[in-house]
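Here is what each chain is made of, one letter per residue.
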Amino acid sequence: MIELIQQIIDGLGRGGIYALLALGIAVIFGVMHLINFAHGELITVSAYTSYWLFASGFNWWFIAPTVIVVAVLTAVIIEFVAFRWVRGAPDFTMLMTSFGVHFLVQALFVMYVSANFRQFPRPGWIFDTWRIGDLSLEVFDLAVIAATLVTLLGTYWLLQRTMFGVSLRAAAEDFDTARLMGIRSNRVIRGAFVLSGVLAGVAAIFWLMRSGQAGPTAGLNPMLKGVLAALIGGLGSLSGAVLGGITLGLVEVLLISRLPGGTAGLTDGIVFLLIALLFVFRPQGLITVRRVERV
Amino acid sequence: MLDIESLITRYGTITAVRDVALTVQAGEVVCLIGPNGAGKTTLLATIAGLLKPSAGRVTLDNKNVTGWAPDRMLRAGLALVPEHRRIFSDFTVRENLLVGGVTQPASRRQELLDEMVTLFPVLKERLSAQAGYLSGGEAQQLAIGRALMSDPAVLLMDEPSLGLAPVLVEQVFDLITRLRISGRTLFVVEQNAQRMLAVADRAYVMRSGEIVADGPAAQLAAREDLFETYLGQSGGNA
Ligand SMILES: Nc1ncnc2c1ncn2[C@@H]1O[C@H](COP(=O)(O)OP(=O)(O)OP(=O)(O)O)[C@@H](O)[C@H]1O
Ligand SMILES: [Mg+2]
């Protein structure tokens, strides 16, 4: 029982990061119908930023907020340089564009920095644990859970209570009608990228605190987890993306701890198998994007 | 107020609007009638900026607004109630209205919202209801209310009575009459030709992308030949 509680907290820690990544991907998919395979590049750029800032003597207290700003800027620049030009193009064209950005950014780092991974220090408290009775809780997991909660609540407030949020949701439901209401395409899409950048930035902080390294492919794994989580949740559903992220994190942790010794490396394979099964039974993902029949 | 000159709109090689010219004066209720596939929706979508014309000119308030994007047209004072209403079904009724007022300052938006619930009392009780569950009549009122939230100088409506039960169709025409009395400028596409002609000042008849007749509504209503030839409704009472 104690063990299970610990695993659940561990899983929520992982899942929280996945949820933030998936939510950013779902927000972009909502307004543009683009599955953004370049989302991981926000993490890559954040990773190098952290590395360089550490090299210049800054610490995590400075680096963490900077990472968010850098992720937002990167998201806005990618939108402006690449996605703006294929807006309204067939979904496949946009998908290819996002792959293009993904490989281009990766290649730029290989060419102008190095193909090698570089290390930077992880925060000292990352392996600290708190003991409560028989429970030993990783401070890191608790920090991720708290940060995820705050970020998700903030995002919820933004989407439900502000005119920007209403515009974003309107554009996601029916883009042309949103434009007829006076919503500016450029603005709402840029806003979606800013939001996805903030979410990726918060995720990046914790991802990088744990990994402690920067490399051209640093964003690949977080991007894959984010896309997977968004697919599990049902692309286009924002709450689905969050649920998908949490589910993915929990399943991973529960699998790792249950697989017999030496087979933990199979976790990712088994996760993919489970996802394939999910899509056999629920092709629309966990949450169906419900469109009430128009009368 | 609104002037269209030699407007041409194409879908690839299909020309859906051919050399259309029309005028709507301030305070007028003008209607556009015509059979299915005549190009009425295409014409409205072009005026509102959803489609780019291949040629021609759109003038609003003496400003050349040809090819402006919909959000810019809205800010210039032209709103469209789209065909099939296009309510945001995941939204509450209140949120739908708020989106309609997205270009307004917050205080004015609240005022307009209050005006809309006075104009449409049914919406008042359903403000927090999910819009996807409204009945056809309620949804139509919401669609019109949402467009009015931008306080437009000209309101375009594409078949507001489409798919409504006869009682509700009457409600729509009552509403058009009320909007007319309050001095609104309206340009309305309607299938219920006779009913619409009874509340309009002037009318245009469109077929195969072209305007084939126009004149004062009462005069057109009396032309049996038009209904038989162009609208395929003898007597026009359908
Ligand atoms: N997206 C499109 N692509 C290609 N052709 C189209 C498209 N939309 C409409 N058309 C064609 O353009 C012509 C005009 O269509 P439009 O919808 O404007 O007519 P309408 O008068 O509004 O008809 P209805 O009374 O059925 O609403 C039709 O021949 C139609 O088939
Ligand atoms: Mg039509």
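Along every chain, residues carry numbers that run from 1 in the direction the sequence is written. Chain labels run from A onward and ligand labels from 1 onward, assigned in the order the entries are written. In keeping with the model being predicted, local features are shown solely for residues with a pLDDT of at least 70 and side-chain atom pairs are shown and tallied solely at 80 or more, while totals for entire chains, interfaces and linings include all residues. Just so you know, side-chain values use all the structure's heavy atoms and leave hydrogens and water out.

**What to know about the sheet that holds strand E3 (residues 29-33) of chain B**
Residue and element names in this part refer to chain B. The condition is simple: Strand pairing is defined by DSSP finding a minimum of two bridges between the two strands. Helix and strand definitions here come from DSSP, where helices need a minimum of 4 consecutive H or I residues and strands a minimum of 2 consecutive E residues; each element is numbered from the N-terminal end. For helices, the fitted axis covers only the stretch in contact; all axes are lines through C-alpha atoms, and the angles between them, taken along N-to-C directions, range from 0 to 180 degrees.
On the basis of which strands lie adjacent, the open sheet formed by six strands has the order E6-E7-E8-E3-E9-E10 and mixed pairing. Of all the strands in the sheet, the pair left with one neighbour each is strand E6 (78-81) and strand E10 (210-216). Neighbour-to-neighbour, the strand axes of the sheet open up by a mean angle of 15°, direction not taken into account. As paired strands, strand E9 (residues 202-207) and E10 are joined by six bridges and run antiparallel to one another. Across the sheet, Val 205 pairs through a bridge with Ala 213, a residue of E10.

**With respect to the site of ligand 1**
Residue and element names in this part refer to chain B. Basically, it comes down to this: Proximity criterion: a residue is near a molecule or strand once any of its heavy atoms comes within 4 Å of it. For the purposes of these results, a polar contact is taken to be a pair of N or O atoms within 3.5 Å, where, inside protein, one atom must be able to donate a hydrogen and its partner to accept one; residues adjacent in sequence count only when each atom of the pair is a side-chain atom. What sets the accessible areas is the Shrake-Rupley method with a 1.4 Å probe; for residues, cover comes only from the shown protein chains. The classification used treats Ala, Val, Leu, Ile, Met, Phe, Trp, Tyr, Cys and Pro as nonpolar, Asp, Glu, Lys and Arg as charged, and all other residues, Gly among them, as polar.
Close contacts around ligand 1 come from 13 residues, with Gly 37, Lys 40, Thr 41, Thr 42 and Glu 83 the closest. For ligand 1, a nitrogen atom lies 3.4 Å from a polar atom in the side chain of Tyr 11. Within the side chain of Thr 41, an N or O atom sits 2.7 Å from an oxygen atom of ligand 1. Contact with the protein chains removes 61% of the 630 Å² of surface that ligand 1 exposes when unbound. Residues that form the shell around ligand 1 fall into these classes: four nonpolar, six polar and three charged.

**Some details on the coordination of the magnesium ion (ligand 2)**
All names here are of chain B. This is how the line gets drawn: Keep in mind that water is not among the atoms, so a site may look incomplete; donors are the N, O and S atoms within 2.8 Å of the metal, or 3.2 Å for Na, K and Ca. Three labels apply to residues, based on accessible area from a 1.4 Å probe with only protein chains included: buried if under 20% of the type maximum, exposed if over 50%, partly exposed otherwise in between.
Bound to the magnesium ion (ligand 2) on the protein side are Thr 41 (OG1) and Glu 83 (OE), at distances that span 1.9 to 2.3 Å. Of this pair, Thr 41 sits in helix H1 (residues 40-48) while Glu 83 sits in the loop between E6 and helix H3 (93-100); the two residues are 42 residues apart in sequence, bridging distant segments of the chain. A relative accessible area of 28% means that Thr 41 is categorised as partly exposed.

**Observations regarding a nonpolar patch on the surface**
Note the following rule: Patch definition: residues above 30% relative accessible area lacking any salt bridge, with like charges linked at up to 9 Å and the nonpolar side chains Val, Leu, Ile, Met, Phe, Trp and Tyr linked at up to 5 Å. Salt bridges are defined by distance alone: a side-chain nitrogen of Lys or Arg within 4 Å of a carboxyl oxygen of Asp or Glu.
A contiguous nonpolar surface patch, about 490 Å² in accessible area, is contributed by Val69(A), Leu73(A), Ile77(A), Phe80(A) and Val81(A). With respect to the helices and strands, the residue Ile77(A) is situated in helix H3 (residues 60-81).

**Quick notes on the pairing of strand E7 (residues 154-158) of chain B**
Residue and element names in this part refer to chain B. How we decide: With the strands pointing away from the viewer, any crossover whose connection runs clockwise from the first strand over the helix to the second is right-handed.
When you tally the buried positions in E7, you get five out of five residues, the bulk of the element. Alignment of E6 against E7, held across four bridges, turns out to be parallel. Across the sheet, the residue bridging to Val 81 is Met 157, located in E7. Bridge count for E7 against strand E8 (residues 185-189) is five bridges, and the pairing is parallel. Paired with Leu 156 across the bridge in E8 is Phe 187. Handedness of the E7-helix H7 (residues 166-181)-E8 crossover: right-handed.

Limitation: the analysis is restricted to geometry and does not speak to function.
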